[in-house]
Structure formats: C-alpha cells, structure tokens
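What the coordinates show
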Amino acid sequence: MNKGKFKFSVIIPIFILITGLCLHFTQGLIRPEWFSFPVNLIIGLELFCGIPLVYFFFKNKKAVQFLSSGAAAISAISLFAFLTTIMAVLPQEKPSYSFIEFSGLNNIVFTWYFTLSALYILICLGFVILRRFNAFSLRNIVFFINHFGLWLVIVTGFLGQADKIKLNIPVAEGSLVWYGFDPDNKYFEPGFAIKLTDFKIEYYNPKIGVFNSDGELTGKTREALSEIKQKDKIKAGNYDVEILEILQYASVSGDSVYAVTENRGAVTAVRLKLSDDKNSFEKWIYTGNKMVKPGIIATGTENFIALIPPEPKYFGSDIEFYTRSGISAEPHNISVNKPLKYYSWTIYQSSYYSDPESGNIISVFSAVYDPWLPFTYAGMFMLISGAVFMMFTKIRTVKKD
Amino acid sequence: MIWSRLDIIFVVFIVSWLSGSISLIFDKKSAFLKKYSSIIPALANVSLILFISVLWTQLERPPIKTMAETRLWYAMFVSLITWIIYLRTKVKTLYFLGFIMSSVFITVDLIHPEYQSKNLMPALQSPWFIPHVVIYMIAYAVLAAACLTAVTGLVNTKRTGIADSKNIDLSMKLVYPGFGLLSTGMVLGAVWAKIAWGNYWTWDPKETWALLTWLFYLICIHLHFSFPKKHKLLLILLAFSFIVLIITWLGIRYLPGGMSGMHVYGQ
Ligand code: HEM
C-alpha cells in the first residue's frame, strides 16, 4: 500500500468521528422525521445522481481514486465495524451512565457519526461500482450485484425509516377500531377500520412441574417440565403420578372440576392418580385465574406438584375491513407469520391480552406502511444472488513473491 | 427421549475419529491405516445424523431451537466439512483440529443437555425457520474450517519463517462460500422477521453481533483481494473473525443486555 493511501484511510475515519461528535454535541441525536418524504427522496436521488456526476467529472483526481480503492473500502468497513462493536457491547436505548448517554453511545444508530460512517461506505461503494463498469464480464456483473445490492439496502433502509409508519391496533372481539398508536404512543388514523369478528387461540398441552417450598422447580428438568400426554407417568417425591385426563378448558367450583367449551376465563385442569407404597388416590390440579387459586398437590412436606400454564400453539383473528365510505370487504383471517396486505398497508397479528377490567380478549394488530420496502427487498435479492455466485467464485490465489 | 442416549453417539464418535487420527500418524507404514483413517469418519457422521433424525421425529419439530440442538448440527457439519477437505487436500492438521472441535461440542452437549420444551411458539412456526438456522449452521461450520486452516497457516509461518500461502488460499476458498452463506442466512432472517413482526431489522443484540461477524469477514475478503501480500495480517484477522462469530453464536447471553431481544427463547 502506498503511504498516501494509508494516511487517508486513517485520517478520514478520525475526521468522521470528530465531525460526527461535534454535530452530536450541537445537534443531538438524528430524528428520522427530519428525513420524511420528500426530503428522503431528494437525498436518495442526490446520492443516486450525484455520486456518478462527481465520479465522471473528477475521476482522475486523487481523492476520487482513493475513495474507489481497496484501502478506502477497508477503512470505511472498519469504521462501521468499530461503531457496530460499541453497539454490540453497550446495551442500546437504555438510559446509561452520563458520559455514554451524553455522547450518544447508547443510541448509536441515531448518531451523526454512525450516519456519516454509513455515508462514507455509500460513497466508496458508489465510486468503486462506477470504476468497475469499465468492462463487461461475468466477474464484473457479480461484483455489481453484490455492491449495488448493498448500496440499495443501506440507502433505502436508512431513508425509508422516515416514511415508515407502524401502528399498534388493539381490538376487542366484536368491536370496530379506526385508529392505532405509533411506537411513541401517538394517536394515528390509517384511514380504514378493523373489525374483529372472531379471535381463536389453541394451546399446547400443559406441563407439570414439581416445585420445592421456595417455588423452585426440582428434579431433573427433563421430567419436571415435559409436556404431558394422557397416560404419562412421572415421579414426584415418593409418589408415582399418572396423568388420567387433561381438560384444556375447565371450570372449578368448590371441589368439582368440569369441562367447558368457552375458553374465556377458563382454567386448564389435569386429573392425576398418585400412588405410593401404601395407597393411591385421584386428584385434580389446575392453573389459576382471577377467581380461582391454582390447584396444587402437596407431595410431601417439602414439595408440591403444580400445572404450568400451557403455551399458545396458534392464535389468529378473523377480521373485516371498513373504509370511510362504509363498505366492508370480505372476511379475512390473519395470524402470526401470515400477515395480510390491505392497499398500501400490511397488517400483522402481533399479540393478544385479556383486558384486566372486562376479562375480554383483546387482539393486537400491527399495521405497517413501508413504501420503500420494495427497493430494500430488491437490494436484498441482489445480495442473495451475489452470495450464490460467491459460493462458486474462483478466488485470487496468493502469488509467490 | 433419545437425548439420554447421546453417550452412545459420543463413544462411537470419539472412538472412530480417535482411531482414525492415530492411524493417520502411522499411515506412512501401512496402506490399510491410510484407508482406515480416510473412511472411519463416515461412521461417526452417520451415527450423528441418525441421532439427529431420531431426535427430529421424537420432538415432532426440527431440532434447531435450543443451543444444545444447534450444537449437534454444528458438530456434524464441522466434522463432515473438515473430513471432506482432508480427503481433498490431505492436510492432516485439519483432520485433528476438526475432530477436536466437533468433539468439544458433542462433549458440551453430553455434560449440559437441555431438556427443553418441544413447543414452538407461533412466530417460530414458519417455512423460513429451517433454512435460516441450517444455513447459518453450515456457514459457521465452513468458517470454523477456515479458521482452523488459518491457525494451521499461522503455526506453519511461525515455524518456517515463510508465509504459508497454501493455507491462505485454502482459508479463502472457504471464506468465500462461508461468507455467501452468512449473507444468505442474514437476508432470510430479515425477510422472515418482516413477515412475522413487520420489521426486517431491529438491532437486537443477536442481529448486531451477526452484522459484526459479517463485517469482519467482509474486511477479510477485501483485505485479501486488495492487499494479497498482507499474509500475516490476513491470517490473524481470519482467526479473530471466528472469535467474533463464536461470541455471536454462544456468547451473547453473557453480555450486558444480551438476554433481551427476539432471539431468546425458552425458560
Ligand atoms: C455485500 C457486501 C460486499 C461483498 C459481497 C463484496 C465482495 C467483493 C468481492 C468478491 C470483491 C472482489 C471482486 C472481484 O472478484 O473482482 C470485492 C472487491 C472490492 N470491494 Fe467489495 N464487497 C462488499 C462490500 C463492499 C463495500 C461496503 C465496499 C466499500 C466500502 C467495497 C469495496 C470494494 C472494493 C474497493 C473492491 C476492489 C475492487 C477492485 O479493486 O477492482 N465492497 N468486493
């Protein structure tokens, strides 16, 4: 490496860090809103046209030649990796010691120095892509796919952030909701309403745990925590325990436990047969809810058996959309990993909870508007295609010197 | 559960690889030993693959959710890949290192099996789950082999005083596909996250570390391409990148803030 290049590749990152810190101390963190449409489009176009223009007019200048070189690439990626290391080691977005918070180190993604470092990568990438346009060969095409794909992902990922809207929309069964809340809890109307006609949830079988008097699981975790099936046998204290019956939805009144169909407010119950050397008996255990205390069985002075609330296997909602004109679209089903497109929005089933007051289940949707996504996806697609080529690339081998 | 029978696999694995390694030391004297050492790792691998298959059927889900489960795949891929490279290059050090590395992971599983729940939360029930994890596991195994060859190269360089270009070439031949797999695994993860949660990137600790690993290998590739004569720097960087990779995979939980984010399951 010649001395000049080496000097530049150290000076530029230092310059970026100092400038970025100065901007940070005077301007504070970058707010994505600053870049919302049309600012982001203008910046995007400026980068897309500006980098080639600068390249064609100044390609014989030393600075441009440096920025398109391998030395600059390593310097730019290293600076970015350095900032990513800080991000990886310091917990982000948590209030932190004053110095860390003061210099933005717990919020690196939104700092000026991080943004400038990404810009440095973008400029280097842009120049080297243009430099490699000199000849048409398979190698250059693969090079282009890799590098331009990454360029697209960085540019659209960063600029797209500003236009992205993500709303949380909690909807109770039977009701119709026109609004949602963004991550800062601000009210927002997306222009359509969601009506929840039905919420469905399915559970895995419950698990049984043997706990000690401190409420800690005992025994081999393997046995204590396995999901139970009918006829399973486990050991708890001196007892052999057999699972006789599992009720996903049960109701408890006094000593009797019976199955119910309605899952609202129901508990999960399991009938067990316990036997030791002398005698054997049957008993129910169940999970608790607001009205019912969990039913447990003492299996000695030291420990007890209890039921661990079952984990959800599936949850999903049947919904209808309403617009201002009052027209209802046909019913849709939506569940985790199966989002739904509605015009320029994508609706996700994100979670559910039971309303502490009414006990009704509330289904929580996310509605996401992300107009830049297709470009980011295009970039990602190029990255993957480039990756496939990379698996078969013939690499430069070391020449004996 | 088949987990409790991992000891058998462990014995088969250790005995076959160890006897293979020993016969490798004396293989100049006997054609039989030479053949034996090249074939016997297949037995170890078939036994591991069988174990994983039985585990898969017993769990009724792919065994790629818990750490202990991914370690099995990793041991399988590392031993498979180092064995294949040995067959093609006859680098004996790689044979030994690959054996040591994969048996360490099986041993950890033997000492700390995780008897965790069979259940998959709804977000994990996705066609993207298997490719995302398995591609990462293969990438990790390929890059482990690259690290082992780089370390071999460093040792040779130190011993002979001349840059060991043969091992640099071999390492980079592994880093290219390894990096391609890393990129693929990362993009698959991003698309899946978008479908499941509506965000393709949230800077959760695992994602940040995965990006860091990717950046380190990116530096290796560019250093190699643009400064092919920086042998020693490259070899050291290759070994170091693998340390970052191991932290990404196994070490996150010990870091501040590491137990948050969407890559933490169980408990
Ligand atoms: C997805 C990410 C990337 C991949 C997969 C990648 C891959 C590669 C490959 C395979 C080469 C060798 C080209 C060849 O075989 O002809 C290369 C060269 C190069 N890359 Fe990257 N790269 C990536 C990101 C970057 C970034 C972020 C920069 C700049 C900041 C960069 C700058 C360069 C430069 C300057 C060269 C040398 C080109 C030459 O001298 O002809 N690359 N890259």
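Residues numbered from 1 in each chain as written. Chains lettered and ligands numbered in written order. Predicted model: local features only at pLDDT ≥ 70, side-chain atom pairs only at ≥ 80, totals over all residues. Heavy atoms only, no water.

With that out of the way, let us pick up unusual backbone geometry. With an omega dihedral of 5 degrees, the bond running from Phe 37 of chain A to Pro 38 of chain A counts as a cis peptide bond. Tracing the backbone shows Pro 38 of chain A in the loop between α1 (3-27) and α2 (39-58). (Helix = DSSP H or I, 4+ residues; strand = E, 2+ residues; numbered from the N terminus.)

Attention now goes to the coordination of the iron atom of the ligand. Around the iron atom of the ligand, the protein contributes the donor atoms His 147 of chain A (NE2) and His 222 of chain B (NE2), which lie 1.9 Å from the metal centre. For the iron atom of the ligand, the six donor atoms in the first shell make angles of 86 to 179 degrees at the metal, a pattern classed as octahedral. Note that His 147 of chain A is positioned in helix α7 (residues 138-160) and His 222 of chain B in helix α8 (residues 205-226), a pairing that runs across two chains. Like His 147 of chain A, the residue His 222 of chain B is buried in the burial classification. (Donors = N, O, S within 2.8 Å, 3.2 Å for Na, K, Ca; no water. Tetrahedral: all angles 85-135°; square planar, octahedral: opposite > 155°, others 65-115°. Buried < 20%, exposed > 50% of the residue type's maximum accessible area, 1.4 Å probe, protein only.)

With that settled, the discussion passes to the interface of chain A and chain B. Facing the 56 residues of chain A at the interface are 56 residues of chain B. At the surface where chain A touches chain B, the tally comes to one salt bridge. Linking Asp 370 of chain A and Lys 194 of chain B is a salt bridge whose minimum nitrogen-to-oxygen distance equals 3.1 Å. At the junction of chain A and chain B, the tally comes to 13 residue pairs in polar contact (both at pLDDT 80 or more). Of all the secondary structure elements, the ones that give two or more residues to the side of chain A that touches chain B are α4 (70-89), α7, β14 (312-323) and α9 (373-390) of chain A. A per-element tally of the side of chain A that touches chain B places α4 of chain A first, with 13 residues. A breakdown of the residues in the side of chain A that touches chain B according to their chemical character gives 32 nonpolar, ten polar and 14 charged. (Contact = heavy atoms within 4.5 Å. Salt bridge = Lys/Arg side-chain N within 4 Å of Asp/Glu carboxyl O. Polar contact = N/O pair within 3.5 Å; in protein donor to acceptor, adjacent residues only side chain to side chain. Nonpolar A, V, L, I, M, F, W, Y, C, P; charged D, E, K, R; others polar.)

Attention shifts here to the site of the ligand. Contacts to the ligand come from 24 residues, most closely from Arg 131, Arg 132, Arg 139 and His 147 of chain A together with His 222 of chain B. At the ligand, the nearby residues belong to more than one chain, namely chains A and B. Here an oxygen atom of the ligand and a side-chain polar atom of Arg 132 of chain A are 2.7 Å apart. Counting residues per element, the ones that place at least two in the shell around the ligand are α4, α6 (112-131), α7 and α9 of chain A together with α7 (165-197) and α8 of chain B. (Near = heavy atom within 4 Å.)

Looking now at the pairing of β14 of chain A. Residue and element names in this part refer to chain A. Sheet topology places strand β5 (residues 192-203) next to β14; eleven bridges connect them, and they run antiparallel. Opposite Ala 193, over in β14, you have Tyr 322 as the bridge partner. Looking at chain direction, β14 and strand β15 (residues 332-335) are connected through four bridges and run antiparallel. Bridge pairing in β15 links Gly 316 to Ser 335. (Pairing = 2+ DSSP bridges.)

What follows is about the sheet that holds β14 of chain A. Residues and elements named next belong to chain A. The four strands lie next to each other as β2-β5-β14-β15, forming an open sheet whose pairing is antiparallel. Pairing within the sheet leaves two strands with one partner each, and these edge strands are β2 (176-177) and β15. Judged from the two bridges that link them, β2 and β5 form a sheet pairing that is antiparallel. In the strand pairing of β5, Leu 176 is matched with Lys 195.

Here the focus is the sheet that holds strand β13 (residues 303-308) of chain A. All names here are of chain A. With antiparallel pairing, three strands are arranged side by side in an open sheet as β6-β13-β12. Each of the sheet's edge strands pairs with one partner strand only, and the pair in question is β6 (207-212) and β12 (297-298). Both β6 and β13 contribute to a ladder of six bridges, which runs antiparallel. By the bridge assignment for β13, Asn 212 is matched with Asn 303.

Right, let's get into the domain arrangement of chain B. All names here are of chain B. Partitioning chain B into structural domains gives domain 1 (1-114) and domain 2 (124-259). Centre-to-centre, using C-alpha coordinates, domain 1 lies 22 Å away from domain 2. Each side of the interface is counted separately: domain 1 has 22 residues, and domain 2 has 23 residues. The contact between domain 1 and domain 2 buries some 1,900 Å² in all, and 88% of this surface belongs to carbon and sulfur atoms. It is Ile 64, Met 67 and Tyr 74 that lose the most area in domain 1 upon contact with domain 2, and together they represent 28% of the buried surface on that side. Linking domain 1 to domain 2 there are zero salt bridges. In this assembly, domain 1 and domain 2 are joined by zero residue pairs in polar contact (both at pLDDT 80 or more). By residue number, the principal contributor to the side of domain 1 that touches domain 2 is helix α4 (residues 67-89), which donates eleven residues. Grouping the amino acids of the side of domain 1 that touches domain 2 by side-chain chemistry returns 15 nonpolar, five polar and two charged. (Domains from an automatic or database assignment. Buried area = accessible area lost by both parts, 1.4 Å probe.)

Turning next to the pattern of salt bridges. Residue and element names in this part refer to chain B. On inspection of all chains with the given rule, the structure shows eleven salt bridges over all chains. Of the charged contacts in the structure, one is a salt bridge between Asp 7 and Arg 5, with a shortest N-O distance of 3.2 Å. Classification of Asp 7 by relative accessible area gives partly exposed; the value is 32%. With relative accessibility at 42%, the residue Arg 5 sits in the partly exposed group. Among the ionic pairs, Glu 69 bridges to Arg 61, the shortest N-O distance being 3.1 Å.

Once that is clear, we can look at the environment of Ala 68 of chain B. Residues and elements named next belong to chain B. Along the chain, Ala 68 turns up in helix α4. With a relative accessible area of 0%, Ala 68 lands in the buried category. The contact partners of Ala 68, leaving out residues within four places of it in the chain, are Trp 3, Asp 109, His 112 and Glu 114.

Residue and element names in this part refer to chain A. Residue position: Ser 363 is located in strand β18 (residues 361-369). On the accessibility criterion, Ser 363 (0% relative accessible area) is buried. At 2.9 Å, the side chain of Ser 363 forms a polar contact with the side chain of Gln 349. Those residues in contact with Ser 363 that lie beyond four places of it in its chain are Ile 169, Pro 170, Val 171, Leu 196, Phe 199, Ser 317, Gln 349, Ser 351 and Tyr 352.

It is worth spelling out the domain arrangement of chain A at this point. Residues and elements named next belong to chain A. Splitting chain A by domain gives domain 1 (3-164 + 376-400), domain 2 (166-201 + 313-369) and domain 3 (205-310). For domain 2 versus domain 3, the separation of C-alpha centres amounts to 35 Å. Facing six residues of domain 2, the contacting portion of domain 3 comprises four residues. Its largest share of buried area at the contact with domain 3, domain 2 owes to Glu 173, Ile 201 and Ile 361, together 60% of the area lost on that side. Across the contact surface, domain 2 and domain 3 share one residue pair in polar contact (both at pLDDT 80 or more). The class makeup of the residues in the side of domain 2 that touches domain 3 is four nonpolar, no polar and two charged.

Quick look at a positive patch on the surface now. On the surface, Arg 139, Lys 394 and Arg 396 of chain A together with Arg 88 and Lys 173 of chain B cluster together into a patch of positive charge. Position of Arg 396 of chain A among the secondary structure elements: in the segment after α9. Arg 396 of chain A sits in the partly exposed class, given a relative accessible area of 38%. (Patch = residues over 30% accessible without salt bridge, like charges linked within 9 Å, V, L, I, M, F, W, Y side chains within 5 Å. Areas by Shrake-Rupley, 256 points an atom, 1.4 Å probe, with all protein chains shown as cover. Lys, Arg positive; Asp, Glu negative; His and termini not counted. Charge placed at Lys NZ, Arg CZ, Asp CG, Glu CD.)

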